[in-house]
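A closer look at the structure
Each chain, written out:
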Amino acid sequence: ASDASVTLVGIAHACGRACGLSKEQVDELITLHDPEEKPGGEKFPFRATNFNVGVDKAKRVLGWSPQHSGDFDTVAKEYFAGYVQLGLDKN
């Protein structure tokens, strides 16, 4: 875990880089939705506001400290390398 903030799009880009994809290739796979455009007149199923979580309380109450640098690119590359090592990229 880390105490660095990363957006969902940032996570997608880091995962894409770990897999050898360019930003442009990842952007083609991302679909962003406008909460004002409700499909079929139904209530849109996503939050209309930003959703943030933090680790400040864990640091304060539990004495927690980050185990990673906050460089999500490095974390994504490590996870992908483990995925490949297990042969899971072959499916």
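Above this note sits the structure.
The structure displayed is predicted, hence computed values, not measured ones. (Residues numbered from 1 in each chain as written. Predicted model: local features only at pLDDT ≥ 70, side-chain atom pairs only at ≥ 80, totals over all residues. Heavy atoms only, no water.)

**Examining the pattern of salt bridges**
Defined as follows: Any Lys or Arg side-chain nitrogen found within 4 Å of a carboxyl oxygen on Asp or Glu counts as a salt bridge. The secondary structure listing takes helices from DSSP runs of H or I that are at least 4 residues long and strands from runs of E that are at least 2 residues long, numbered from the N terminus. Three exposure classes are used, based on accessible area relative to the maximum for each residue type with a 1.4 Å probe and protein chains only: buried under 20%, partly exposed in between, and exposed over 50%.
In the structure shown here, the tally under the stated rule is 3 salt bridges. Put simply, D27 and K23 hold a salt bridge, and the shortest N to O gap is 2.7 Å. Pair noted here: D27 and K23 are both in helix α2 (residues 23-29), with a separation of 4 residues, about one helical turn. A relative accessible area of 32% places D27 in the partly exposed class. In this structure, the salt-bridge partner of K90 is D89, at a minimum N-O distance of 3.4 Å. When its relative accessible area of 66% is taken as the criterion, K90 is described as exposed. The class for D89 is partly exposed, based on a relative accessible area of 31%.

**Some remarks on a nonpolar patch on the surface**
The cut-off we apply is this: Candidate patch residues must exceed 30% relative accessible area and have no salt bridge, after which like charges are joined if within 9 Å and Val, Leu, Ile, Met, Phe, Trp or Tyr side chains if within 5 Å. Accessibility throughout is a Shrake-Rupley quantity obtained with a 1.4 Å probe, and a residue counts as covered only by protein chains that appear here.
A contiguous nonpolar patch, built from Y83, V84, L86 and L88 and spanning about 360 Å² of accessible area, is present on the exposed surface. Its location among the elements puts Y83 in helix α4 (residues 72-85).

**With respect to the packing of helix α1 (residues 8-18) against α4**
Keep this limit in mind: To obtain each axis, a line is fitted to C-alpha atoms, and for helices this fit is confined to the stretch in contact; angles are then taken between N-to-C directions over 0 to 180 degrees. What sets the label is the angle itself: under 35 degrees gives roughly parallel, over 145 gives roughly antiparallel, 65 to 115 gives roughly perpendicular, and the rest give oblique. Each crossing gets its handedness from the near helix: less than a right angle anticlockwise from the far helix is left-handed, clockwise is right-handed. Pairs of residues are marked as contacts when any of their non-hydrogen atoms sit within 4.5 Å. When residues are sorted by character, Ala, Val, Leu, Ile, Met, Phe, Trp, Tyr, Cys and Pro go into the nonpolar class, Asp, Glu, Lys and Arg into the charged class, and all the rest, Gly among them, into the polar class.
Packing of α1 against α4 brings their axes to within 8 Å, and their N-to-C directions diverge by 50 degrees. Here α1 lies oblique to α4, going by the angle between them. As α1 packs across α4, the resulting crossing turns out to be right-handed. Contact residues: I11, A14, C15, R17 and A18 in α1; F72, D73, A76, K77 and F80 in α4. Its residues placed into classes, the contact of α1 with α4 shows 7 nonpolar, no polar and 3 charged.

**Thoughts on the packing of aromatic side chains**
Quick reminder of the rule: Any two of the Phe, Tyr and Trp rings considered here, Trp counted by its six-membered ring, make a pair once their centres fall within 6.5 Å; the pair's planes then place it as stacked at under 30 degrees, edge-to-face at over 60, or tilted in between.
Per the stated rule, a full pass over the model turns up 1 aromatic pair. With a centroid separation of 6.1 Å and 25 degrees between ring planes, the pair formed by F80 and Y83 is classed as stacked. Separated by 3 residues within a single helix, F80 and Y83 lie in helix α4, roughly one turn from each other.

**Focus on the side chain of H13**
Residue placement: H13 occurs in helix α1. The contacts of H13, once residues within four sequence positions are left out, are K23, V26, D27 and I30.

**Brief notes about α4**
An α-helical turn contains 3.6 residues, so any two residues separated by three or four positions project in the same direction. The line we're drawing: Here the expected length of a helix is defined as 1.5 Å per residue gap, with one fewer gap than residues.
Under the 1.5 Å per step criterion, the end-to-end length of α4 is 20 Å for 14 residues, consistent within 8% with the ideal 20 Å. The first or second residue beyond α4 is G87, which carries a positive phi of 80 degrees.

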